[in-house]
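# Coordinate analysis (summary)
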Number of protein chains: 2
Amino acid sequence: MTPADDPAGTGARPRVVIVGGGFAGVACARELAGTDVDVTLIDRNNYHQFQPLLYQVATAQLAPIDVGTPLRNLFRKDRNVDVKQAEVTEVDVAGRTVRTADGLSWTGDHLVLATGAQPNFYRTPGAAEHSLPLYSLIDAERLRSRIIAAFDAADRDPRLVDQGALTFVVVGGGATGVEIAGALADFVTTVVPQEYHDLDVHQARIHLVDHGTALLAPFSPEAHEYAAKVLQRDGVRLHLGTAVEEVTPAAVRLEGGTTLPTRCVIWAGGVQAADVAARCGLPRGRGGRLRVGHDLSVEGHPRVFVLGDVAAVESPDGTPYPQLGSVALQQGQWAGKTIRADLAGQPRRAFHYHDKGIMAMIGRGAAVAEMGHKRHELHGAIAFASWLGVHAWLMSGVRGRIDAFVSWGWDYFSGNRTPGLVDHPSAATIDFGEPGQVPPPRTPAPAPVAPAG
Amino acid sequence: MTPADDPAGTGARPRVVIVGGGFAGVACARELAGTDVDVTLIDRNNYHQFQPLLYQVATAQLAPIDVGTPLRNLFRKDRNVDVKQAEVTEVDVAGRTVRTADGLSWTGDHLVLATGAQPNFYRTPGAAEHSLPLYSLIDAERLRSRIIAAFDAADRDPRLVDQGALTFVVVGGGATGVEIAGALADFVTTVVPQEYHDLDVHQARIHLVDHGTALLAPFSPEAHEYAAKVLQRDGVRLHLGTAVEEVTPAAVRLEGGTTLPTRCVIWAGGVQAADVAARCGLPRGRGGRLRVGHDLSVEGHPRVFVLGDVAAVESPDGTPYPQLGSVALQQGQWAGKTIRADLAGQPRRAFHYHDKGIMAMIGRGAAVAEMGHKRHELHGAIAFASWLGVHAWLMSGVRGRIDAFVSWGWDYFSGNRTPGLVDHPSAATIDFGEPGQVPPPRTPAPAPVAPAG
């Protein structure tokens, strides 16, 4: 420790306070684990959520525990990393101090803000109230309960199909929207016919709406086409170049007058920086993200870092880095290394992102991956294997070991587990109105009443 | 099919309506799978919950998916078994018809009621509002969120310990109460010191209260002593022969004037028949259970069976059968066989329970098992192995195959999974009052504020 790190001469070990247990925060804490600093890692949840696979939880392909890992467990053996579950509501940048609503505070010699993002409803009327976002693990669990409850309702009472019980509307054509739409299409074609013996699966409808004209906008034009082709082949109806005007409890109203009756609107329409970013008093960029320099620190506050989805970082050529798990992971590792360099009295370097490319899964049997100018359209087992590999790499960055992922991949392949539990009752409650309001079926519905013997 | 089964001469296949997807209902449906009847299996949830292991979910040793299996998945390959998720609110015994609040109904040639039980709060003031029962999978998930949230709160702010943040009160000394108290003691001694680096684990308190004077009442006096000895060795404070007078949001008041400040009261104080039993118009016995004859049918309604926890069945020597998963499982199998015998024109026989004995786990390292007059006090690996074997047998009765259990046992042994997610936010919300109301700590608390560098 240099005198600069201990101006009071207390001999205390330097402390790093990290807010946020996502890719960036965990990677930073892991970089500092076992070193001569005390790390306090604060998150509102007690777990890390592996966001790239949330859509798999929502469609009952993975269980919550497969994509949520308790933070304390991740740092169980690292005595210098202390995890605190707390909701930070206030950030004093100059004092490198964060506070909670109930009066607790933590101050660091270095402060790392990696608080992530939250859904952006773009002031669409009804969207915040009546749609289900897909950004957190609890979002995914609630969405899974809603999706299965909708199928259960239609299976119980076929008249509810006309009220939108089997219509699913995905808002947003980015990676999350494409992945959840593809996974839902898989669910409808593979799981539903096997498990819902009475349901006419052909009545299910999946719509994807985006105000832009391309799916997977950050990818190449060829990838846009490929994603559209695969989704349409799988039965997804695309509404591109179309804005959502309103979400109601029973429908989505689109620009141009179309109204889609539905009981399940999945909001994958974009994100903005987490609320706490607005209360830092720092300059903000697009999506409310905090502007930081090339070393990821805040101008005038070199010991305050901002990382991941809450940061607006420009690459050396001036373009902003994309909001990806791999960017956040590398920023976390980089910030951890920078803090170690600071404490060793070494100079800082600018952050460089080692671009591993981008990938999106379009249903289980197709994927698109782009590395620089190379594009790969992947099919079948190759698509699935590549997808597994990419996520194995990301997950090992968080969990610090590969074995957990191998066991997870095995569970996934063996297909033995069926995590389709409706265990979030509030999300599973769909108000179809009083029985008297049920419109008469257009075709004679299969009667749930058996002839008495 | 005999003419008696098809009085209308429609040629329709006989239909069996089963209400309840617990041990009894699932075993009955499995017995009828692949036969010449149509089975409708109705449950308010879309999954079977493996009740004997709910306490493991509550203490984050198993994930919900390990003890909850979607019913549709269980009968995926049985085209004659149709699962309906619906809440039955009315039973017309004479018409063998069940109805839901939204006007749906199902009628069977045979009707099987296996609706299970629900917690019995015995009109204890505040118990229904402020305690957390442990009877359903959602109960267990909510309890897990509450338990971990309490440890997180005390770790975040040590002053909350005086407000009962680390005090857990189990009400009920039966198998569920003993098992959850033992599992909590394990959690405190093994998981907490590893994962909560800052917490003084010796401040945690586990109390078990029962108005009776013995733990594990259905077992022998020696077992009562053994359970008490093991729990006390593990730090559980016993209050036997003591009634709970009131549960408040912040405390439990016991008979005799003792008040235990606590934020987590676990209600394992007994069960009563599920609500729907009261609305059948049938004679009811102890705990509101429906009286049935030796063939498990209702007097005067030979094609209506009542099984499992909702049934009051006497053994041939006049003693009631205990409320155990293995009793329910055998009753379900027996009812399925009886229905097949009815349809084949064969006579009925009285139900006989093949007593496999009773077992309770007292923490991970000790168990007690009794078969007839033989008592086994089991320790360490033998206790755990026996416990695994008993539950393997029960689980295979539900899942119809042993492989799922083997994979589950492997996960459990390997200990790789850490399902300690706080993902039921409402249960995790503990109101400790305004910061200003926090009493000053009796001893200087470890300050969460680090010295500013």
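Reading guide: rules and limits
Residues numbered from 1 in each chain as written. Chains lettered and ligands numbered in written order. Predicted model: local features only at pLDDT ≥ 70, side-chain atom pairs only at ≥ 80, totals over all residues. Heavy atoms only, no water. Helix = DSSP H or I, 4+ residues; strand = E, 2+ residues; numbered from the N terminus. Buried < 20%, exposed > 50% of the residue type's maximum accessible area, 1.4 Å probe, protein only. Contact = heavy atoms within 4.5 Å. Areas by Shrake-Rupley, 256 points an atom, 1.4 Å probe, with all protein chains shown as cover. Core = buried A, V, L, I, M, F, W, Y, C linked by side-chain atoms within 4.5 Å. Salt bridge = Lys/Arg side-chain N within 4 Å of Asp/Glu carboxyl O. Pairing = 2+ DSSP bridges. Axes fitted to C-alpha atoms, helices over the stretch in contact; angles between N-to-C directions. Parallel < 35°, antiparallel > 145°, perpendicular 65-115°, else oblique. Left-handed = near helix turned anticlockwise from the far one by under 90°. Nonpolar A, V, L, I, M, F, W, Y, C, P; charged D, E, K, R; others polar. Expected span 1.5 Å × (residues − 1). pLDDT = per-residue confidence, 0-100. Right-handed = clockwise from strand over helix to strand, strands pointing away. Phe/Tyr/Trp six-rings, centres within 6.5 Å; stacked < 30°, edge-to-face > 60°.

### Structural notes on the overall build of chain A
- Across its full length, chain A holds 12 helices and 26 strands.
- By the burial criterion, 58% of the 453 residues in chain A qualify as buried.
- The long-range fraction of contacts in chain A, counting pairs at least 24 apart against all pairs at least 6 apart in sequence, stands at 65%.
- Working note: accessible area of chain A is about 18,200 Å², and carbon and sulfur atoms make up 51% of it.

### Things to note about the nonpolar core
- By size, the foremost hydrophobic cluster in this structure holds 273 residues, and its most contacted members are A:Val98, A:Phe151, B:Val98 and B:Phe151.
- The contact partners of A:Val98, leaving out residues within four places of it in the chain, are A:Val17, A:Val19, A:Ile42, A:Val88, A:Glu90, A:Val91, A:Leu104, A:Ser105, A:Trp106, A:Leu111 and A:Leu113.

### Regarding the pattern of salt bridges
- Scanning all chains against the criterion turns up 36 salt bridges over all chains.
- B:Asp155 is paired through a salt bridge with A:Arg72; the nearest N and O atoms lie 3.3 Å apart. Taken together, the positions of B:Asp155 in helix 6 (residues 137–156) and A:Arg72 in helix 4 (residues 71–74) put the pair across two chains.
- When salt bridges with common partners are traced through the structure, they connect A:Arg72, A:Asp82, A:Lys84, B:Asp152, B:Asp155 and B:Asp198 into a single cluster.

### Section: the sheet that holds strand 22 (residues 301–306) of chain B
Residues and elements named next belong to chain B.
- Within the open sheet, the 6 strands sit side by side as 5-2-1-9-22-21. Their pairing is mixed. At either end of the open sheet lies a strand with only one pairing partner, and these are strand 5 (81–85) and strand 21 (297–298).
- As defined by bridge partners, strand 1 (residues 15–19) adjoins strand 9 (residues 110–113) across 4 bridges and the pair is classed as parallel. Counterpart to Val19 in the pairing with strand 9 is Leu113.

### Side note on the sheet that holds strand 11 (residues 132–133) of chain B
Residue and element names in this part refer to chain B.
- An order of 11-18-12-13-14 is seen for the 5 strands of this open sheet, with the pairing classed as parallel. Each of the sheet's edge strands pairs with one partner strand only, and the pair in question is strand 11 and strand 14 (236–240).
- With respect to the sheet, helix 6 is in contact with strand 11, strand 12 (167–171) and strand 18 (264–267), its orientation differing from that of strand 18 by roughly 155 degrees.

### Description of the packing of helix 6 (residues 137–156) of chain A against helix 7 (residues 175–195) of chain A
Residue and element names in this part refer to chain A.
- Where helix 6 meets helix 7, the closest approach of the two axes is 13 Å, and the angle between their N-to-C directions is 45 degrees. In terms of orientation, helix 6 lies oblique with respect to helix 7. The element helix 6 and its partner helix 7 pack so that their crossing is right-handed. Facing helix 6, whose interface residues are Ile147, Ile148 and Phe151, helix 7 presents Leu184, Phe187, Val188 and Val192.
- Residue composition of the contact of helix 6 with helix 7, grouped by class: 7 nonpolar, no polar and no charged.

### Things to note about helix 8 (residues 221–233) of chain A
All names here are of chain A.
- Given a rise of 1.5 Å per residue, 13 residues ought to cover 18 Å, and the 18 Å separating the end C-alpha atoms of helix 8 matches this to within 8%.
- Here the buried face of helix 8 lies against helix 7, strand 13 (205–210), strand 14 (236–240), strand 25 (366–371) and strand 26 (374–379).
- Downstream of helix 8 by one or two residues, Gly235 has phi in the positive range, about 95 degrees.

### Regarding the confidence of the model for chain A
Residues and elements named next belong to chain A.
- With 89% of its residues at a pLDDT of 70 or more, chain A has an overall mean of 87.
- Below pLDDT 50 for its whole length, residues 1–5 participates in 10 contacts with residues either more than four positions away or in separate chains.
- Counting interchain partners and residues more than four positions distant, the pLDDT-below-50 stretch residues 435–453 has 26 contacts.

### Some details on the pairing of strand 2 (residues 38–43) of chain B
Residues and elements named next belong to chain B.
- Within strand 2, 5 of the 6 residues are buried, leaving the element largely enclosed by the surrounding structure.
- Where strand 1 and strand 2 come together, 5 bridges link them in parallel fashion. By the bridge assignment for strand 2, Arg15 is matched with Asp38.
- Read from strand 1 through helix 1 (residues 23–32) to strand 2, the crossover connection turns out right-handed.
- Relative to strand 5, strand 2 runs parallel, the two being bridged by 5 bridges. Residue pairing in the sheet places Leu41 in a bridge with Val83 of strand 5.

### Some remarks on the packing of helix 1 of chain B against helix 9 (residues 325–343) of chain B
All names here are of chain B.
- The contact between helix 1 and helix 9 brings their axes to 7 Å, and the two run at 35 degrees. Once helix 1 is placed against helix 9, the crossing between them reads as right-handed. Contact residues: Phe23, Ala24, Ala27, Cys28, Glu31 and Leu32 in helix 1; Gly325, Ala328, Leu329, Gly332, Gln333, Ala335, Gly336, Lys337, Ile339 and Arg340 in helix 9.

### Some points on unusual backbone geometry
Residues and elements named next belong to chain A.
- Positive phi values are uncommon outside glycine, yet Ala60 reaches one of about 60 degrees.
- In this fold, Ala60 is placed in the loop between helix 2 (54–58) and helix 3 (64–67).
- Overall, the relative accessible area of 17% leaves Ala60 in the buried class.
- The backbone of Arg123 shows a phi angle near 55 degrees, a positive value even though the residue is not glycine.
- Turning to its location among the elements, Arg123 is positioned in the loop between strand 10 (117–119) and helix 5 (127–130).
- Residue classification places Arg123 among the exposed positions, given a relative accessible area of 84%.

### Notes on the side chain of A:His224
- Among the secondary structure elements, A:His224 is positioned in helix 8.
- Look past the residues within four positions of A:His224 in its chain and what remains in contact with it is A:Ala214, A:Leu215, A:Leu216, A:Ala217 and A:Phe219.

### Thoughts on the environment of A:Phe219
All names here are of chain A.
- Mapping Phe219 onto the fold places it in the loop between strand 13 and helix 8.
- Exposure remark for Phe219: the relative accessible area of 8% places this residue in the buried category.
- A C-alpha to C-alpha distance of 39 Å links Phe219 and Arg76, two positions 143 residues apart in sequence.
- Residues contacting Phe219, with those up to four places away along its chain left out, are His224, Ile358, Met359, Ala360, Val368 and Glu370.

### Notes on helix 1 of chain B
- Among the 10 residues that make up helix 1 of chain B, 9 are buried, leaving the element largely enclosed by the rest of the structure.
- Within two residues after helix 1 of chain B, B:Gly34 carries a phi angle of roughly 80 degrees, on the positive side.

### A few points about the packing of aromatic side chains
All names here are of chain A.
- A complete count under the given rule lists 16 aromatic pairs over all chains for this structure.
- With a centroid separation of 5.4 Å and an interplanar angle of 75 degrees, the aromatic rings of Tyr321 and Phe351 are classed as edge-to-face. With Tyr321 in the loop between strand 23 (311–312) and helix 9 (325–343) and Phe351 in the loop between helix 9 and strand 24 (358–361), the pair connects residues that are 30 residues apart, well separated along the chain. Pair check on accessibility: Tyr321 and Phe351 agree, each one buried.
- Within the aromatic cluster, the residues linked to one another by ring pairs are Phe151, Phe168, Phe187 and Tyr196.

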